[in-house]
Amino acid sequence: MMTDNVQTALVVTNGLTRRIRDWRTTEQLNDNLFVQTDYYSGDTRQVEKSQCQCGKEIWIEYGVEGFRADRKRVFYPHQDEFHHVFRCDQCSSPVSESVPGAEYDQDTA
Ligand SMILES: [Zn+2]
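### Considering the environment of Cys52
Step number 1: Along the polypeptide, Cys52 turns up in the loop between strand E5 (44-51) and strand E6 (57-62).
Step number 2: Remark: the alpha-carbon pair of Cys52 and Cys91, spanning 39 residues in sequence, is separated by 8.6 Å.
Step number 3: Leave out the neighbours within four places in its chain, and Cys52 touches Ile58, Cys88, Gln90, Cys91, Ser93, Val95, Ser98 and Val99.

### Describing unusual backbone geometry
For residues that are not glycine, phi is negative in most cases, and the peptide bond is trans in most cases.
Step number 1: Positioned with a positive phi, Arg71 is a non-glycine residue whose angle comes to about 65°.
Step number 2: Relative to the helices and strands, Arg71 is located in the loop between E6 and strand E7 (72-75).
Step number 3: The class for Arg71 is partly exposed, based on 14 C-beta atoms found within 10 Å.
Step number 4: Of note, the phi angle at Ser92 is positive, near 70°, even though the residue is not glycine.
Step number 5: In this fold, Ser92 is placed in the loop between E7 and helix H1 (95-98).
Step number 6: Note on Ser92: 9 C-beta atoms within 10 Å, which makes it exposed.

### Overview of the nonpolar core
Step number 1: Ranked by size, the top nonpolar core spans 12 residues in total: Val47, Cys52, Ile58, Trp59, Ile60, Val74, Phe75, Val85, Cys88, Val95, Val99 and Ala102.
Step number 2: Where this core is concerned, the elements lending two or more residues are E6 and E7.
Step number 3: Looking at this core element by element, the count peaks at 3 residues for E6.
Step number 4: Excluding its chain neighbours within four sequence positions, the residues that come into contact with Phe75 are Trp59, Glu61, His83, His84 and Val85.

Basis of the calculations
- Residues numbered from 1 in each chain as written.
- Predicted model: local features only at pLDDT ≥ 70, side-chain atom pairs only at ≥ 80, totals over all residues.
- Helix = DSSP H or I, 4+ residues; strand = E, 2+ residues; numbered from the N terminus.
- Contact = placed C-beta atoms within 7 Å.
- Buried ≥ 20, exposed ≤ 12 C-beta atoms within 10 Å, placed from the backbone.
- Core = buried A, V, L, I, M, F, W, Y, C linked by C-beta atoms within 7 Å.

So, in structure tokens, the structure goes:
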């Protein structure tokens, strides 16, 4: 990984300071499951690339604390880490029913 030219990547929007992320796929675990690393901070995340039944691409991040009990975050690829998708923008289906992998896992405590 390149370490030169890494800057403090922050952007201020409406008075809120947010970190700019530049997620790059650094490991492919299987056909749809990837590990991505933020170029700026070195943070990593595990992402599954899926899609709605209508064809819209939707991703699922695993291990996200503080939201769903099963620690999944459902989002569109262009969205930052603060977004969660409940219903598909394109077909209005609940993503827990229309996106493989986004169903609620009942066994997670
Ligand atoms: Zn849809």
